[in-house]
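# Fold and geometry: a report
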Amino acid sequence: MGKIRVLGIYIHDRKKEAGEVQKLLTGFGCIIKTRLGLHDAFDDDCSDRGLILLELAGDQNLWNDLEEKLSKVEGITVKNMDFEF
């Protein structure tokens, strides 16, 4: 039986937290199959808030490690969805 995990990462202040989040995502890059970043973009400015969706693959223990480390970053909300097939 296989499993897919999707992580949703809500960043409350992209200017403050984006660097720390990017550092973690780079460190766990081998388990990130798909990454989608969403934020409001305007002609003259970008939104301070952002949402990143990740599809994780590979070692499921690393999925939990990534989620735990992201959850410790102040100003970040992390949610997950698991699908079994």
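None of these values were measured; they are calculated from a predicted model. Residue positions within a chain follow its written sequence, with the count starting from 1. Thresholds applied to this predicted model are a pLDDT of at least 70 for local features of residues and 80 or more for the giving and counting of side-chain atom pairs; totals over whole chains, interfaces and linings are not thresholded and use all residues. Note: side-chain values were computed over all heavy atoms of the structure, leaving out hydrogens and water.

## Re the confidence of the model for the protein chain
Worth spelling out the cut-off: The predictor rates its confidence in each residue with pLDDT, a number between 0 and 100. Here a strand is any run of E in DSSP of at least two residues, a helix any run of H or I of at least four, and the numbering for each starts at the N terminus.
On average, residues of the protein chain score 92 in pLDDT, and 96% of them reach the 70 mark or higher. Taken element by element, the predicted model of the protein chain shows its lowest mean pLDDT in helix H1 (residues 14–27) (92) and its highest in helix H2 (residues 60–71) (97).

## Topic: the nonpolar core
The line we're drawing: Think of a nonpolar core as a cluster: buried Ala, Val, Leu, Ile, Met, Phe, Trp, Tyr and Cys residues, connected wherever their side-chain atoms sit within 4.5 Å. Only protein chains enter the area calculation, which uses a 1.4 Å probe; residues under 20% of their type maximum are buried, those over 50% are exposed, and those in between are partly exposed. Only heavy atoms matter for contacts: two residues are in contact if any of them lie within 4.5 Å across the pair.
Judged by nonpolar contacts, the single largest core of 18 residues is most densely connected at Ile-9, Leu-25, Leu-54, Leu-66 and Leu-70. Within the residue set of this core, elements represented by two or more residues are strand S1 (3–11), H1, strand S3 (50–56), H2 and strand S4 (76–84). Here Leu-25 is in contact with Ile-9, Ile-32, Arg-35, Ile-52, Leu-54 and Leu-66, once residues within four sequence places are set aside.

## Some remarks on the layout of surface pockets
Defined as follows: A 1.4 Å probe that fits into a set of points on a 1 Å grid over the protein atoms alone but cannot get out defines a cavity; an open set with protein on both sides within 12 Å along at least five of seven lines defines a pocket, and lining residues are those with an atom within 4 Å of a point. Grid points are joined across faces, edges and corners, and a volume is the space filled by probe spheres set on the points. For this classification, the nonpolar set comprises Ala, Val, Leu, Ile, Met, Phe, Trp, Tyr, Cys and Pro, the charged set comprises Asp, Glu, Lys and Arg, and every other residue, Gly included, is treated as polar.
Volume-wise, the largest pocket comes out at about 170 Å³. In terms of lining, the largest pocket is formed by 13 residues, of which the most central are Ile-11, Arg-14, Ala-18, Arg-35 and Ile-52. At the level of elements, H1, strand S2 (32–38) and S3 are the ones that each hand at least two residues to the lining of the largest pocket. The element that contributes the greatest number of residues to the lining of the largest pocket is H1, accounting for 5 residues. Looking at the lining of the largest pocket residue by residue, the class counts come to 7 nonpolar, 4 polar and 2 charged.

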